[in-house]
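Commentary on secondary and tertiary structure
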Amino acid sequence: QVQLVESGGGLVQAGGSLRLSCAASGSIFRINAMGWYRQAPGNERELVATITRGGSTNYADSVKGRFTISRENAKNTVSLQMNSLKPEDTAVYYCNADILHGLLSREYHYWGQGTQVTVSS
């Protein structure tokens, strides 16, 4: 099995910064895409940012220029640096990874347990 464990959430004032990290462990042959999603109360889960194994990134328009996603393939980790935070960034943030368990394995989609980010005005 695979576990994704997030860390780094918390309470911050508007304009501040936080860095989220996610580490994958378990039966992992290779991790393809990794990403961060978020869900605010009453809203659907939405994409924040994704990154391919080769480092290509994609961001939601609402976070472009403020958030940066990065990963370390050798450590099976992905991070999200969040700057210039706004109250509307308040949500539970979830790590996501597309994982192969072996050379001939199909891709499995895994989620972390989520970490709360609260931005006060």
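Higher on the page you've got the structure.
Below you will find a few notes about this structure. (Residues numbered from 1 in each chain as written. Predicted model: local features only at pLDDT ≥ 70, side-chain atom pairs only at ≥ 80, totals over all residues. Heavy atoms only, no water.)

**As for the pattern of salt bridges**
- Taken as a whole and assessed by the stated rule, the structure comprises 5 salt bridges.
- With its nearest N and O atoms 2.8 Å apart, the salt bridge here joins Arg-66 to Asp-89. Taken together, the residues Arg-66 in the loop between β6 (57-59) and β7 (67-72) and Asp-89 in the loop between β8 (77-82) and β9 (91-100) connect sequence positions 23 residues apart.
- According to the relative accessible area criterion, Arg-66 is buried, its value standing at 11%. (Salt bridge = Lys/Arg side-chain N within 4 Å of Asp/Glu carboxyl O. Helix = DSSP H or I, 4+ residues; strand = E, 2+ residues; numbered from the N terminus. Buried < 20%, exposed > 50% of the residue type's maximum accessible area, 1.4 Å probe, protein only.)

**Quick word on the packing of aromatic side chains**
- Per the counting criterion, the structure on display carries 1 aromatic pair.
- Relative to Trp-111, the ring of Tyr-37 has its centre 5.0 Å away and its plane inclined at 70 degrees; by these criteria the two rings are edge-to-face. With Tyr-37 in strand β4 (residues 30-39) and Trp-111 in strand β10 (residues 107-111), this residue pair connects regions lying 74 residues apart in the sequence.
- Trp-111 sits in the partly exposed class, given a relative accessible area of 34%.
- The cationic tip of Arg-45 hangs over the ring face of Tyr-94; the distance from NZ or CZ to the ring centre is 3.7 Å.
- Just above the ring of Tyr-108 sits the side chain of Arg-106; from NZ or CZ to the centre is 3.9 Å. (Phe/Tyr/Trp six-rings, centres within 6.5 Å; stacked < 30°, edge-to-face > 60°. Lys NZ or Arg CZ within 6 Å of the ring centre and 35° of its normal.)

**Describing the state of the cysteines**
- Here the structure, examined in full by the defined rule, presents 1 disulfide.
- The disulfide partner of Cys-22 is Cys-95, and the gap between their sulfur atoms is 2.1 Å. With the S-S dihedral at roughly -80 degrees, the linkage between Cys-22 and Cys-95 falls on the left-handed side. With a gap of 73 residues between them, Cys-22 in strand β3 (residues 18-26) and Cys-95 in strand β9 connect regions that are remote in the sequence. When sorted by exposure, Cys-22 lands in the same class as Cys-95, which is buried. (Disulfide = S-S within 2.5 Å.)

**Some points on unusual backbone geometry**
- Phi is positive for Asn-76, which is not a glycine, with a value near 55 degrees.
- Turning to its location among the elements, Asn-76 is positioned in the loop between β7 and β8.
- A positive phi angle, close to 50 degrees, is found at Ser-84, a residue other than glycine.
- Along the chain, Ser-84 turns up in the loop between β8 and β9.

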